[in-house]
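# Examining the three-dimensional arrangement
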Amino acid sequence: MRRAVVIGATGQIGRVAVAALAGDGWEVSAVSRGGGRDESWPAGVGTARADRADDAALAAAVGDGCEVLVDTVAYGPEHARQLVSLADRVGSAVVISSISVYEDDKGRTFDTQGEPDGFPEYPVPLSEAQRTIAPGESSYSTRKAGLERELLAAGDRLPTTLLRAGAIHGPHCRTPRELYFVKRNLDARPRRVLPFGGRSRFHPASVHNIAELIRLAAARPGSRALNAVDPDAPTVAEIAGAIDAVMGATTETVLLDGPPPSPAVGDTPWSTPAPVVCDMSAAERELGYRPVVRYADRLPETVAWIERQLDGRDWREAYPKMFQTYGDLFDYAAEDAFLGT
């Protein structure tokens, strides 16, 4: 039986990836810091406790070897070197990266979006042929770029499929963009403000579609970088409407032609002046990939998960990383002042 080792197995992507590989006949070792298991996994899935920063513990989890090593939490060139050091015991790797490694033809990236006219204007759809940013230590994006550069350079020793994920959604997410509309509905907010005419698009990526890409790449080793997003890229207005439908809410939408009037009014996690929409034809061609879900298919479980996490808790306690990343998303006083209510 083919053996797969999954690092970060109890995280958002890892949980579903373990189940997908086990369902495809792999002998799976699920590696996480706590060594736990998910109720969705078959009984035959093994577990191991290891912090991926601990080289010896990770090597012990790999053991005598595996056909594929799946890393859902790799971040930075040092993790790439760590994986390559295991190449004599690993047939190939599948590693999660991010679409934030792309830069546009003027050198603009997600890191420059806070600057005047700094948001990137990518081709639509955005393919893997688009250039990427220089590796460095300054940001999440530059460190992911360093991870990619090291792994692709070592492709002759450790063939690695890098999956450039979009806006990941699904249960267990620590920064669910859907929170923006779910909490407003729970708080019975009658109106919402959407900048850029509600047309912003930031391509979502279901954990189930990412897991399908992992499953296919595990069986087809290679040295490559592939986009990992859903088949559809709904606008922010469409996402808001879909969440309303799931929750049985009715909300008036106030559309603005331009940007948010302030960071506290209408600046949703999807609000971008230019679309970020990715091309999946390379994955279809190289892996035979076909998506297994659409965004709306899994929205009810995402909404239900967020509701459970918010039950009886301040949202900043439930989602501290969301607050750290986006600031106060629910300044209702500022919204009411802008709307004149």
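Check the entry above for the structure.
Since this is a predicted model, take the numbers as computed values, not measurements.

To continue, consider the overall build of the chain. Looking only at helices and strands, one finds 12 helices and 11 strands in the chain. Relative to its length of 341 residues, the chain is compact, with a C-alpha radius of gyration of 20 Å against a globular reference of 20 Å. Counting only C-alpha atoms and orienting by the principal axes, one finds that the chain spans roughly 65 × 45 × 35 Å. The 341 residues of the chain split such that 55% are buried.

Let us now look at the packing of aromatic side chains. Scanning the entire structure with this criterion turns up 10 aromatic pairs. Of the aromatic side chains, those joined through ring pairs into one cluster are Tyr 180, Phe 181, Trp 270, Trp 315, Phe 323, Phe 330 and Tyr 332. Taking NZ or CZ as reference, Arg 143 lies 4.6 Å from the ring centre of Tyr 75, over its face. Seen from the ring of Phe 330, Lys 183 lies directly overhead, with NZ or CZ sitting 5.4 Å from the centre.

Before going further, it helps to spend a moment on unusual backbone geometry. In this chain, Val 124 is followed by Pro 125 through a cis amide linkage whose omega measures 0°. Structurally, Pro 125 can be placed in the loop between strand E5 (90–98) and helix H4 (140–153). In this model, His 172 sits at a positive phi of 75°, which is unusual for a non-glycine residue. Within the secondary structure layout, His 172 lies in the loop between strand E7 (167–169) and helix H5 (179–186). Although it is not a glycine, Ala 188 sits at a positive phi angle of roughly 55°. You can see Ala 188 is positioned in the loop between H5 and strand E8 (191–194).

Time to look at the side chain of Arg 52. Tracing the sequence through the fold places Arg 52 in the loop between strand E3 (46–49) and helix H2 (55–62). Within the local environment of Arg 52, its side chain forms a polar contact with the side chain of His 79, the two groups lying 3.3 Å apart. If we ignore the near neighbours within four places in the chain, the residues touching Arg 52 are Ile 7, Leu 58, Asp 71, Val 73, Ala 74, His 79, Gln 82 and Leu 83.

Our focus in this paragraph is the sheet that holds strand E10 (residues 224–228). Here we have seven strands laid out as an open sheet, ordered E3-E2-E1-E4-E5-E6-E10, and parallel in their pairing. Strand pairing shows two members of the sheet lacking a second neighbour, E3 and E10, which therefore form its edges. Averaged over all pairs of adjacent strands, the angle between their axes in this sheet comes to 20°, without regard to strand direction. The pairing of strand E1 (residues 3–7) with strand E2 (residues 27–32) spans five bridges and is parallel. Across the sheet, residue Ala 4 finds its bridge partner in E2, namely Val 28. Packed onto the sheet, H4 meets E5, strand E6 (160–165) and E10 and runs at close to 155° relative to E5.

Time to look at the packing of H5 against helix H7 (residues 236–247). Following both chains from N to C, one finds H5 and H7 inclined at 45°, their axes separated by 10 Å at the closest point. With respect to H7, the element H5 is oriented oblique. In this structure, H5 crosses over H7, and the sense of that crossing is right-handed. Where H5 approaches H7, its residues Phe 181, Val 182, Asn 185 and Leu 186 are matched on the opposing element by Val 236, Ile 239, Ala 240, Ile 243, Asp 244 and Met 247. The class makeup of the residues in the contact of H5 with H7 is eight nonpolar, one polar and one charged.

Within the largest apolar cluster, 71 residues are counted, with the highest numbers of intra-cluster contacts made by Leu 21, Phe 181 and Ile 214. Among the elements that take part in this core, helix H6 (residues 207–219) stands out by supplying eight residues, more than any other. Beyond its immediate chain neighbours, meaning those up to four positions away, Ile 214 contacts Ile 13, Ala 17, Leu 21, Val 70, Val 94, Ile 96 and Leu 163. Among the nonpolar cores identified, the runner-up in size contains 25 residues, and Leu 69, Val 84, Leu 86 and Ala 154 belong to it.

Before going further, it helps to spend a moment on helix H9 (residues 295–310). When the terminal C-alpha atoms of H9 are compared, their 22 Å separation across 16 residues agrees well with the 22 Å that a helix rising 1.5 Å per residue should span. Its axis deflected by about 25° at Glu 301, H9 carries its strongest bend there. For H9, the complete set of buried residues consists of Tyr 295, Leu 299, Thr 302, Val 303, Trp 305, Ile 306, Gln 309 and Leu 310. Residues of H9 that are buried sit in contact with E7, H5, strand E9 (204–206), H7 and helix H10 (315–318). Just beyond H9, the residue with positive phi is Gly 312, at close to 75°.

A few words now on the side chain of Arg 224. Following the sequence through the fold, Arg 224 ends up in strand E10. In terms of polar contacts, Arg 224 uses its side chain to reach the backbone carbonyl oxygen of Arg 220, at 3.0 Å.

Calculation criteria
Residues numbered from 1 in each chain as written. Predicted model: local features only at pLDDT ≥ 70, side-chain atom pairs only at ≥ 80, totals over all residues. Heavy atoms only, no water. Helix = DSSP H or I, 4+ residues; strand = E, 2+ residues; numbered from the N terminus. Rg over C-alpha atoms; globule rule 2.2 N^0.38 Å. Buried < 20%, exposed > 50% of the residue type's maximum accessible area, 1.4 Å probe, protein only. Phe/Tyr/Trp six-rings, centres within 6.5 Å; stacked < 30°, edge-to-face > 60°. Lys NZ or Arg CZ within 6 Å of the ring centre and 35° of its normal. Polar contact = N/O pair within 3.5 Å; in protein donor to acceptor, adjacent residues only side chain to side chain. Contact = heavy atoms within 4.5 Å. Pairing = 2+ DSSP bridges. Axes fitted to C-alpha atoms, helices over the stretch in contact; angles between N-to-C directions. Parallel < 35°, antiparallel > 145°, perpendicular 65-115°, else oblique. Left-handed = near helix turned anticlockwise from the far one by under 90°. Nonpolar A, V, L, I, M, F, W, Y, C, P; charged D, E, K, R; others polar. Core = buried A, V, L, I, M, F, W, Y, C linked by side-chain atoms within 4.5 Å. Expected span 1.5 Å × (residues − 1). Bend = angle between axes of the 7 residues up to and from the residue.

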